[in-house]
Amino acid sequence: MAKRKKSQIIKKVGLPPGSLIYVGPDHGETSKLQLIRYNVRDMENIDPIDVSELSGSLLENGVNWINVEGLHDVGLVERIGNLFGLEQLLMEDILNTEQRPGIEYSENYVYLTLKTLHSLTQSEIVYEQLSVVMYDNCVITFQERSGDIFNAIRERLKHPDNRLSKRGTDYLFYRLIDTVVDNYFLVLHSLSDQIEILEDKVFSSPDQETLREIQYLKKELIYLLRVVVPLRESLSKLIRDKPTDISDSTLDYLNDVYSHSVHVLETLETYRDIVSGLVNIYMNNISQKMNEVMKVLTIMASIFIPLSFVAGVYGMNFANMPELHWKYGYFMVIGLMLAAGLSMVFFFRKKKWL
Amino acid sequence: MAKRKKSQIIKKVGLPPGSLIYVGPDHGETSKLQLIRYNVRDMENIDPIDVSELSGSLLENGVNWINVEGLHDVGLVERIGNLFGLEQLLMEDILNTEQRPGIEYSENYVYLTLKTLHSLTQSEIVYEQLSVVMYDNCVITFQERSGDIFNAIRERLKHPDNRLSKRGTDYLFYRLIDTVVDNYFLVLHSLSDQIEILEDKVFSSPDQETLREIQYLKKELIYLLRVVVPLRESLSKLIRDKPTDISDSTLDYLNDVYSHSVHVLETLETYRDIVSGLVNIYMNNISQKMNEVMKVLTIMASIFIPLSFVAGVYGMNFANMPELHWKYGYFMVIGLMLAAGLSMVFFFRKKKWL
Amino acid sequence: MAKRKKSQIIKKVGLPPGSLIYVGPDHGETSKLQLIRYNVRDMENIDPIDVSELSGSLLENGVNWINVEGLHDVGLVERIGNLFGLEQLLMEDILNTEQRPGIEYSENYVYLTLKTLHSLTQSEIVYEQLSVVMYDNCVITFQERSGDIFNAIRERLKHPDNRLSKRGTDYLFYRLIDTVVDNYFLVLHSLSDQIEILEDKVFSSPDQETLREIQYLKKELIYLLRVVVPLRESLSKLIRDKPTDISDSTLDYLNDVYSHSVHVLETLETYRDIVSGLVNIYMNNISQKMNEVMKVLTIMASIFIPLSFVAGVYGMNFANMPELHWKYGYFMVIGLMLAAGLSMVFFFRKKKWL
Amino acid sequence: MAKRKKSQIIKKVGLPPGSLIYVGPDHGETSKLQLIRYNVRDMENIDPIDVSELSGSLLENGVNWINVEGLHDVGLVERIGNLFGLEQLLMEDILNTEQRPGIEYSENYVYLTLKTLHSLTQSEIVYEQLSVVMYDNCVITFQERSGDIFNAIRERLKHPDNRLSKRGTDYLFYRLIDTVVDNYFLVLHSLSDQIEILEDKVFSSPDQETLREIQYLKKELIYLLRVVVPLRESLSKLIRDKPTDISDSTLDYLNDVYSHSVHVLETLETYRDIVSGLVNIYMNNISQKMNEVMKVLTIMASIFIPLSFVAGVYGMNFANMPELHWKYGYFMVIGLMLAAGLSMVFFFRKKKWL
Amino acid sequence: MAKRKKSQIIKKVGLPPGSLIYVGPDHGETSKLQLIRYNVRDMENIDPIDVSELSGSLLENGVNWINVEGLHDVGLVERIGNLFGLEQLLMEDILNTEQRPGIEYSENYVYLTLKTLHSLTQSEIVYEQLSVVMYDNCVITFQERSGDIFNAIRERLKHPDNRLSKRGTDYLFYRLIDTVVDNYFLVLHSLSDQIEILEDKVFSSPDQETLREIQYLKKELIYLLRVVVPLRESLSKLIRDKPTDISDSTLDYLNDVYSHSVHVLETLETYRDIVSGLVNIYMNNISQKMNEVMKVLTIMASIFIPLSFVAGVYGMNFANMPELHWKYGYFMVIGLMLAAGLSMVFFFRKKKWL
């Protein structure tokens, strides 16, 4: 289990709005720019491309996908922003990786920010911010760090006669979001596995660590919900407002992504309910164990304390204790003790403690 | 109790939208196609029918019910979809058995996907996906596997002078949904039985297994709610939007199904509340038992430990212990012990521990 | 406490819609038909009346109240339904005593179904279904069994110069609903008594049975809420839509009933909150008792175990134990034990355990 | 802590609507009528005034405040109601002190019913029903019993040049409501004190009585919320609908009262959350104490039981026990016991139980 | 941890509306007035300025920021209010530091009241009321006490060519609110630290004090939510209604602040969920410890009580006890005891209690 990364947003407190500053962890990478331009006939991947050549390299009759990886190079983001006339506030949002997922659009552009999720190992989920700007015949993606989940799209573009090439920017825009949401299902899948493992643990051999894992999972689900809820809202808003840049057929596709996001959301809520139930079972298991401990104590004490008393009686040193001098006194007492002990055992069996 | 089947949806991650791929468990069956065509006068059941003959076999003046059982044969679904001009996305949804229940309609068709429920044994509920497409004078049903709950409808169609034959496709569409929702009541009935059994167990002889069953039932109710809530929404949307394909009188019937779905929903929520209460009672029962154990221990220890002490005192080997030499010393001490023991018993009786 | 009656609704599963079948428990009574017809001048009560005479007996210029008691005679209900041209689906609903309370109206009729409540003994509430149909100058009431809560209305009709006779069918319709909701207050009153008794029990002498009663009461409140919530919705809908059959002054009265139903609802919710709190107090009481048991054990054991140890020491048979031969050794040890015992008592007093 | 008064509403069950009957506790007072009439120049307080003189005493050009104290005199309320042409249902509501707070208005009048609160002693809150009817140039207040919170208003009216005299009936209407809501803050203040005391108790010396007080406070907060929520609704409705009798400037004032009622509501909800948290802390405290008791027992038993065993061994009467004849056997055993005892003490210290 | 300050609002109970009275704690400072006037070319800071000179010092062609620090000088607030023609009710609100955050605007002014937060030490948050009135070309800020969070803005105004100077009053208005909300993030940051510390404590070494801190934090979060929720509402209302005083570009900025306030709100809710979870873990930890105590007791008692019994048997003084005279009787018994003791240890090891 990894420590959640410290919030960096306080870097910005006190700065005037529109101050371009990178808010996020330092991934220790250099920023990179990539251009993929294509139309029905051709497809070209210029990787890396220098920002100064970008403007001249754009395809007039086709789709230009400009991909920025690594946001700490504020200057790069600013130059690209200026190239496409993006507003200062929007660029500020792109640079703030703690931005709440959201959508904005004007007549010129559609801007969507959301989180891509990777589940590296089974119990750790990595959140990465992705901003997608659709502007004229360009789609610009800003990613927090290098390496992404869009290789399937790049491969597909290489294939002749793929659907992507035949359609416009809005379809690429949709495919990017769709890929992100599809990846959410992978995370759900990994969560589902974790929950099953935890369920088994809670019923078989729960310990303090199990509770810690439950608490961790609960927090993870809370964070995930905070990522998915605003995405669903954004998509719902996009579909309702139907910006002119987006064609009707692409809207149908976005509707599909929207219903997937609802699916993810409901699944997360289901998981939260189940994990909450696990705490109860854990608690009960602790009580059960205490109960078992108490039973052992009670059985041992209840059987032997009275017997010890009897032994104590005949260990007294009174001068006049007639039983002591009976020939079979000792054996009678031993017999009595056995009988008493066995009747206690019988009593506990009847109570089902044994 | 059965393991919930593993999600298959990750099969689709990374594929382009509209990729026709079956998402669901492998039932090990071959897909089957069936055509039932009828009008006021005649009714014919062609089972099985080959997909190539389908187009020519449709009845012009009547209702055609095309039933597909088994979705793993993607090619079959695709051919039928193409025959009726269904959109790629819609066919993708039909093939995805983890689809959230929902509704879609255009001028041409009404498409509803929902879950049919069987409760095979008392504690296991089987979910099966059903997609119903109403298109022109055809109703196409896509079922996850062979064997369904619609035999009553088929029987009814054979009867001369039944209401189904006199009415159009929309009435058949309604009857199919109605049958599904009616089956939900069977599941509710089985759940109600389970809850009663669990209630009895929790009050009489709860153990770890009982808690597991409660947790299992809680999860089952959560899953059921996730199936019924979107169905109610779909029906509500259908009734509100009144697609042209659906006549006013059928709308009245659909309204009836809608209110049944509300009934199912409220009952499920009631069950959830009751099952949540059971956890509390279970917990309390554990505490009660612990209490009882503690009481036995306390009574035994409180009576015999002081007595043992007295015996111990007179077992000491001091040279000068006058009582030891009294003639009735022993009997007096035995009397004293009896008195002490009885007064403890009396004390515990007063406290109602005995 | 009575067992909740088994749901009968599965009788209907698989039947076509509009199938007239009685869903409910068998009360072992014969169905009965009653006609009360009145106007400003006259009032006549024909009880029983045969269904064949009904049509001819209706008063043209006045109000006809047709009361059906006992729904298992499906034929009777059907004949009356046909007489007044009621729809098949509506008659199906009347015969289904597990119907959710609801309202329907067309130009011809207003149909309201709700539950009447009796609290026979203090802890048992009997639910009975009542359907009221207002049609032209007739009000038809369908009751689950004989014996009802409307005798006050019948008595009032006998009085000359009562308000009922001066007003139309809609006022009778209102008075029937008003009477039902008024009866809810009686049930609330009885529930309030039960809660007070339970509160006292929980604080004074709670046992397993108390918890069972709390759980039972919680379930009862859940069921009651499921009865009252849809009634409030129905009334709200009726008031909002203002069907033409209902005059403005009667609407004012219905508004009054509506606000009563809100009152009932809020009171039920308050009760639910209070009863939920009782579980906590009960749990705590169990813990408190455990605590007391533990204290007794701890006090007894802590005082006598060390003393027994001392006695044990001087019961050892070592050849060389100087103290044993001191003249006042025994008395010194007894004194020491007393001192130790008393200091333990003092310690426990300081801890407020004694 | 006082017992909540028994509901009287069942008095009305079975009576026709509009039956004038007093529903509430008997305060053992005689009803009283008071008239305060004023305009910019004059102010006159006629107390008591006979109902027969009322009609003749009203001021044409000014404001008439008719105050009725004590509602059990149904005849008095009826005569006043008839004088101002109040509807039967409205008078019924005035007489029902268990009425839910609410508002009604027609072209002629505005009718608001709400609860005034007094917190007599620290832990008891007295609810009294107040109905305010604004009619033409009259404001009629119906109070449950004599003695009220409006003396500040009466005093103010005596002052020359006060704002009340310069403004109309709607301003008096507002001032009455404002005074009531202001009094709610006094109750909040008293509740805040109680919560602080309870918090201290729960952390320092909680007992069964503390839990009872928490439960009592929780119930009190539930009742208060049921009083304040509908008042806020009523005010919101009044402001939204802007009845013609109320001037724009008075609406601004009412808006202010509305925001005060929201403030009261939010504070109550905060209190409820805090009090709910107290139960948890109480529960934990009980567990803590149990823990302490267990520790004492465990320490005493764990130290002395093994020692007693050793003593027991050397109290055995075997003929051949070499140790018994060692010269320093006794002292060695005593030394061993001391060492064992001290190592247990050391062990418990390490575990931080001592 | 500091005691929450006592509510002062009861000072106002009974006073007529619009009574100007300071509601809040006495900070023991003198009130202060400051004027900052600026336009694109110049900026002047007159600090302090006398209220009598204020009117003459305002800049016609520029922005005037009038800052009042300390509200207990009611006369000062009143004079400023009268100067700008503020309504009596509005001035009353400004003076009431327990005012709920809210917004009001007419054609002339926009009035927003909100809370500024400082987190002095790690666990104490200071709430201060800030009222901002935008009126013509003036922005008037009323602060509860001297010293504020706006120094960054003042510094920025001194810089030539800053954005603030180029824009109007609405931009200053926005910047003030933005600064307040930015400060909320600092508080969130401090809360996040506290939660992490508490989490560690709860898992490692929880005690009664930890619970108190959790309860304190929970209350703090409740209070914070009560501050942020109405601010979000106010901003939402402002953006929706678009008062004429606010330009479109500033609205975009306010939209940004709004989304920040949503971010703050969601984070607070997340924190509340996490803190609630901590209580559970704390409770469980207590149970765990109890369990450990019980285990030690049970192990000690279960091993030694039976052994003591055996010793007791052979301490009996019967004349005829053959074993006592066996040569190796003693050693056999010691061996037996060892075997029994070891088998108990083995048993506990198997149960994983050791």
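Residues numbered from 1 in each chain as written. Chains lettered and ligands numbered in written order. Predicted model: local features only at pLDDT ≥ 70, side-chain atom pairs only at ≥ 80, totals over all residues.

Enquirer: Report on unusual backbone geometry, specifying residues and quantitative values.
Expert: With an omega of -5°, the peptide bond between D47(B) and P48(B) qualifies as cis. Mapped onto the elements, P48(B) comes out in the loop between β2 (43-46) and α1 (51-57). Phi at D136(B) takes a positive value of approximately 50°, unusual for a residue other than glycine. With respect to the helices, strands and loops of the structure, D136(B) is situated in the loop between β6 (125-135) and β7 (138-143). Given 12 C-beta atoms within a 10 Å radius, D136(B) is considered exposed. Positive phi, normally seen in glycine, also occurs at K242(C), with a value near 45°. Structurally, the position occupied by K242(C) is in the loop between α7 (208-241) and α8 (248-313). For K242(C), a count of 12 C-beta atoms within 10 Å gives the class exposed. (Helix = DSSP H or I, 4+ residues; strand = E, 2+ residues; numbered from the N terminus. Buried ≥ 20, exposed ≤ 12 C-beta atoms within 10 Å, placed from the backbone.)

Enquirer: Quick rundown of the interface of chain A and chain E? Include the residues and the values.
Expert: In this assembly, 43 residues from chain A lie in contact with 48 residues from chain E. Mapped onto the side of chain A that touches chain E, the elements with two or more residues apiece are α7 (208-241), α8 (248-313) and α9 (329-350) of chain A. Classifying every residue of the side of chain A that touches chain E by side-chain character gives 25 nonpolar, 11 polar and 7 charged. (Contact = placed C-beta atoms within 7 Å. Nonpolar A, V, L, I, M, F, W, Y, C, P; charged D, E, K, R; others polar.)

Enquirer: Give a description of the relation of the copies chain A and chain E that names residues and reports values.
Expert: Turning chain A through 72° and shifting it by 0.0 Å along the axis lays it on chain E, with an RMSD of 0.1 Å. When the rotation and shift are considered jointly, the pair of chain copies conforms to a five-fold rotation axis. Within chain A, the C-alpha atom positioned nearest to the axis of rotation is that of G315(A), 4.8 Å from it. (Least-squares fit on C-alpha atoms with pLDDT ≥ 70 in both.)

Enquirer: Which residues make up the environment of E128(B), and what are the values?
Expert: Residues and elements named next belong to chain B. Take E128: it is sitting in strand β6. A count of 19 C-beta atoms within 10 Å places E128 in the partly exposed class. Discounting chain neighbours no more than four positions away, the residues touching E128 are K115, T116, Q143, E144 and R145.

Enquirer: Outline the sheet that holds strand β5 (residues 109-119) of chain C, listing residues and values.
Expert: Strands pair in a sheet through their backbones, by hydrogen bonds, and they do so in one of two ways: parallel or antiparallel. All names here are of chain C. Strands sit in the order β2-β1-β3-β7-β6-β5-β4 across an open sheet of 7 strands; the sheet is mixed. Both outer strands of the open sheet, β2 (43-46) and β4 (102-105), are each paired with one neighbouring strand and no more. Averaged over all neighbouring strand pairs, the angle between strand axes comes to 15°, with direction disregarded. (Pairing = 2+ DSSP bridges. Axes fitted to C-alpha atoms, helices over the stretch in contact; angles between N-to-C directions.)

Enquirer: Summarise the domain arrangement of chain A; cite the residues concerned and give the values.
Expert: Partitioning chain A into structural domains gives domain 1 (9-284) and domain 2 (288-350). Taken over C-alpha atoms, the centre of domain 1 of chain A sits 74 Å from the centre of domain 2 of chain A. (Domains from an automatic or database assignment.)

Enquirer: Please give an account of the sheet that holds strand β3 (residues 63-69) of chain D that cites residues and values.
Expert: Residues and elements named next belong to chain D. If you trace the 7 strands from one edge of the open sheet to the other, you get β2-β1-β3-β7-β6-β5-β4, paired in mixed fashion. Edge positions in the sheet fall to β2 (43-46) and β4 (102-105), since each has one partner strand and no second. Looking at each pair of strands side by side, their axes are set apart by 15° on average, direction ignored. By the bridge criterion, 7 bridges tie strand β1 (residues 32-38) to β3 in an arrangement that is antiparallel. In the sheet register, K32 faces β3, and the bridge partner there is E69.

Enquirer: Please provide a residue-by-residue account of the packing of α8(A) against α9(A), values included.
Expert: Residue and element names in this part refer to chain A. Across the interface, α8 lies against α9 with an axial gap of 10 Å and an inter-helix angle of 160°. Of the possible angle classes, the one that applies to α8 and α9 is roughly antiparallel. Crossing hand, α8 versus α9: right-handed. Of α9, the residues touching α8 (which contributes I299, S302, I303, P306, L307 and V310) are V333, L336, M337, A340, G341, M344, V345 and F348. Across the contact of α8 with α9, the residue classes break down as 12 nonpolar, 2 polar and no charged. (Parallel < 35°, antiparallel > 145°, perpendicular 65-115°, else oblique. Left-handed = near helix turned anticlockwise from the far one by under 90°.)

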